[in-house]
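Residue-level listing of the chains:
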Amino acid sequence: MMLQNVTSVWTGLSPRRRLVVAGATLAMFLAVLALARMAGGPQMVLLYAGLDGRAAGEVIAALDQRAVAYEVRGDSILVDINARDALRMSLAGEGLPSAGSQGYELLDQLTGFGTTSQMFDAAYWRAKEGELARTILAVPEIRAARVHISQGPSDTFRRDQTPTASVTVTTASGNLSESQARALKHLVASAVAGLRPEDVQVIDTVGGLIAANDAPDAATGTAASGRAAEIRHNVERLLEARVGPGKAVVEVAVDLVTERETLTERKIDPQGRVAISSETEEHSQQATEPGGAVTVASNLPEGDAGPGANGKSSTSETRERVNYEVSETQRELTRGPGGIRRLTVAVLVDGQMVTAADGTQSRQPRSDEELAALRELVASAVGLDETRGDVLTLKSLDFTQPTVQGTEATTRLIPPLGPIDVMAAIQIAALALVALILGLFVLRPLLASGRAAAQLPAPEGRLALPGAATAPEALTGEIQDGFSLPDLPMVDFAANAPGDEAAEDPATRLRRLIAERQTETIEILRGWLEPEEERA
């Protein structure tokens, strides 16, 4: 019976409607099939992205060897979410993805036999460049990096041999900032002996040469800005605890020492001496002199020289030499740039609301006692030294309230949508489409057929209800003007006999009437399916 009804409805449709029904049925089956595949298939997530061609090829070859399902979308490789973490650990154990350059493992390939000093030096600098490139690639914002170090051959008779280096980077998005370029310069200069940061050039493949100023003035200016920002933050945090957030504005100007000074001091104390050595010398001498007068006869060999008394003389001399070490103090003091030469702080505090005796409120500047206390706190926080020339200015003035521009934003009925997953949106759209098709082509005809069955006429033109005096008019499915239901008596199914026709259930009676009046039923269903224009 059901198949006969479906066949009757199908034969009663026009060719255009048959085509629409067939297309809708096919689309519904395809949507259900696609949803089943999406629900049963694996969820693909990102494994690696931004790899160069060689590294990506090695990763794909490793995935093929493991028979792992993957997808390639641009420069991204996607795998099943359940196997992503295990694949990353397994590939990392094999050294994949490779950074594209080799490091100190190049030195392991060298053997002592047949390796000259020039070959070892070349391999060493290649390994150094590879290690630096790997370190730079550890930065998340950098996708690719190459390092070149220019180191000339060692020459004994040449002293001034300053190496140079260049770094080429490719960022994931945007350009490399000057602070990042300065960090790369110091990284490479610290890894190469004798290399200065100003001898390293950083080149961005998008922005070109990055002129990171490494002059002392630029470094001092950066240090002054950082010191001023730190002092300003500390003072604002201190004042907000008293006056409230946004009620105080602080400006700090720091004048730092930019020159480098070396002081050498040598002090000698003559009173502070210590004997370190002592030498003593003693000399004694004795001499004998002849006595009496000296004559010619006494000098002759046979002269008459009578014996006379002889004279004796002796001399003694003592010398002592003592060496002292004089007390000496020598001090060398080097003052580098960065010290605070002068500090200037300006603080503006908002006024406060004052309630009068009559209840009116007005804004007034803060009292002198409160300003004095705040000034003392600020002076202690910034380390104010008036002998150095530091200046602190603290005032209390009413802040000007800014005028509101535009209209106030109200809460919308539909909140703004955040980031939407494309696959999730497609699945939701497919489910909505399937639900719409089921509602239009399945539920609506079923409901329409039920309503049409309730509108079937009685077999004799009128359908008499038990206990009714006259049978009501046959229902046509249209509401007429002045339509009113007759007074219907209450039906008591328990009072009727089991075999009586009046004891039939209303649903059973409706099925029996549909079976007896099939042609009228089909006409009513067709009238429900056809648009109002065609019926007109």
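Bear in mind that the values here come from a model prediction, so they are computed numbers and not experimental data.

**Student:** Explain the overall build of the chain to me, using residue names and the numbers behind them.
**Tutor:** The helix and strand inventory of the chain stands at 14 helices and 14 strands. Within the chain, the fraction of its 536 residues that count as buried is 19%. In the chain, of all internal contacts separated by at least 6 residues, the share reaching a separation of at least 24 is 67%. Accessible surface for the chain amounts to roughly 38,200 Å². Of this, 55% is attributable to carbon and sulfur atoms.

**Student:** Summarise the sheet that holds strand β3 (residues 76–80); cite the residues concerned and give the values.
**Tutor:** Backbone hydrogen bonds are what pair the strands of a sheet, in a parallel or an antiparallel way. Here 3 strands make up an open sheet; going across it, the order is β1-β3-β2 and the pairing antiparallel. In this open sheet, the two strands that pair with only one neighbour each are β1 (44–49) and β2 (70–73). Averaged over all pairs of adjacent strands, the angle between their axes in this sheet comes to 30°, without regard to strand direction. Bridge analysis of β2 against β3 gives 4 bridges, and the strand direction is antiparallel. Each bridged residue has a counterpart across the sheet, and for Glu71 the counterpart in β3 is Leu78.

**Student:** Summarise the pattern of salt bridges; cite the residues concerned and give the values.
**Tutor:** Counting across every chain of the model gives 17 salt bridges. Here Glu265 and Arg331 are joined by a salt bridge, their closest N and O atoms 2.6 Å apart. Here Glu265, found in strand β9 (residues 261–289), pairs with Arg331, found in strand β10 (residues 311–335); they are 66 residues apart in sequence, far enough to count as distant. Residue Arg331 is classed as exposed on the basis of its relative accessible area, which comes to 51%.

**Student:** Quick rundown of the environment of Ile60? Include the residues and the values.
**Tutor:** Within the element layout of this structure, Ile60 appears in helix α3 (residues 53–65). It is 10.0 Å that separates the C-alpha atoms of Ile60 and Pro97, two residues lying 37 residues apart in sequence. Beyond its immediate chain neighbours, meaning those up to four positions away, Ile60 contacts Tyr70, Val72 and Ile77.

**Student:** For the sheet that holds strand β14 (residues 391–396), give the residues involved together with the corresponding values.
**Tutor:** Taken together, the 3 strands give an open sheet; going across it, the order is β8-β11-β14, and neighbouring strands pair in mixed fashion. The sheet terminates laterally at β8 (248–256) and β14, the two strands that pair on one side only. Strand-to-strand twist in this sheet, taken as the mean axis angle between neighbours without regard to direction, amounts to 5°. Summarising the sheet, strand β11 (residues 340–349) and β14 pair through 6 bridges and their orientation is parallel. Considered in β14, the bridge of Val347 is made with Leu394. Packed onto the sheet, helix α10 (residues 368–382) meets β11 and β14 and runs at close to 145° relative to β14.

**Student:** Go over the nonpolar core, please, and point to the residues and values.
**Tutor:** In terms of nonpolar packing, the biggest core is built from 21 residues, with Val235, Leu239, Val252, Val345, Val347 and Val378 touching the most fellow members. When residues of this core are traced back to their parent elements, those giving at least two are α8 (216–243), β8, β11, α10 and β14. Top contributing element to this core by residue count: α8, with 6 residues. Residues contacting Val252, with those up to four places away along its chain left out, are Ala228, Ile231, Arg232, Leu343, Thr344 and Val345. Core analysis: the next-biggest nonpolar cluster, separate from the first, contains 20 residues, Ile136, Ile142, Ile149 and Val188 among them.

**Student:** So what about α3? Which residues, and what values?
**Tutor:** Over its 13 residues, α3 runs 18 Å from end to end, which matches the ideal 18 Å to within 8%, given 1.5 Å per residue. Along α3, the residues that are buried comprise Ala55, Ala56, Val59, Ala62 and Leu63. Across the axial projection of α3, the buried residues extend over an arc of 125°, all falling on one side. For α3, exposure combined with an orientation more than 90 degrees from the buried face picks out Gly53, Arg54 and Gln65. Where α3 is buried, its residues meet β1, β2, β3 and α4 (84–93).

**Student:** Report on the environment of Arg363, specifying residues and quantitative values.
**Tutor:** Note on placement: Arg363 falls in strand β13 (residues 361–364). The sequence separation of Arg363 and Asp398 amounts to 35 residues, and the corresponding C-alpha distance is 7.2 Å. With sequence-adjacent residues up to four places away left out, Arg363 is seen in contact with Asp350, Gly351, Gln352, Met353 and Asp398. Separated by 2.6 Å, the side chains of Arg363 and Asp350 make a polar contact. Within the local environment of Arg363, its side chain forms a polar contact with the backbone oxygen of Gly351, the two atoms lying 3.3 Å apart.

**Student:** Just give me the short version of the packing of helix α6 (residues 117–137) against helix α7 (residues 178–191), but keep the residues and values in it.
**Tutor:** Two elements in contact, α6 and α7, have axes whose closest approach is 11 Å; the angle formed by their N-to-C orientations is 150°. Between α6 and α7 lies a crossing of right-handed hand. Counting all contacts with α6, which are made through Lys128, Leu132, Thr135 and Ile136, the residues of α7 involved are Leu184, Leu187, Val188 and Ala191. Grouping the amino acids of the contact of α6 with α7 by side-chain chemistry returns 6 nonpolar, 1 polar and 1 charged.

**Student:** Can you tell me about the packing of aromatic side chains, naming the residues and giving the values?
**Tutor:** Per the counting criterion, the structure on display carries 1 aromatic pair. Between Tyr124 and Trp125, the ring centres sit 5.4 Å apart and the planes meet at 70°, which makes this aromatic pair edge-to-face. Judged by relative accessible area, which is 30%, Tyr124 ranks as partly exposed.

**Student:** Before we move on, can you summarise α10 with the specific residues and values?
**Tutor:** The terminal C-alpha atoms of α10 lie 21 Å apart, and with 15 residues this matches the ideal 21 Å at 1.5 Å per residue to within 8%. Directly beyond the C-terminal end of α10, a positive phi value near 70° is found at Gly383.

Here is what the cut-offs are and how they apply
Residues numbered from 1 in each chain as written. Predicted model: local features only at pLDDT ≥ 70, side-chain atom pairs only at ≥ 80, totals over all residues. Heavy atoms only, no water. Helix = DSSP H or I, 4+ residues; strand = E, 2+ residues; numbered from the N terminus. Buried < 20%, exposed > 50% of the residue type's maximum accessible area, 1.4 Å probe, protein only. Contact = heavy atoms within 4.5 Å. Areas by Shrake-Rupley, 256 points an atom, 1.4 Å probe, with all protein chains shown as cover. Pairing = 2+ DSSP bridges. Axes fitted to C-alpha atoms, helices over the stretch in contact; angles between N-to-C directions. Salt bridge = Lys/Arg side-chain N within 4 Å of Asp/Glu carboxyl O. Core = buried A, V, L, I, M, F, W, Y, C linked by side-chain atoms within 4.5 Å. Expected span 1.5 Å × (residues − 1). Arc of directions from axis to C-beta. Polar contact = N/O pair within 3.5 Å; in protein donor to acceptor, adjacent residues only side chain to side chain. Left-handed = near helix turned anticlockwise from the far one by under 90°. Nonpolar A, V, L, I, M, F, W, Y, C, P; charged D, E, K, R; others polar. Phe/Tyr/Trp six-rings, centres within 6.5 Å; stacked < 30°, edge-to-face > 60°.

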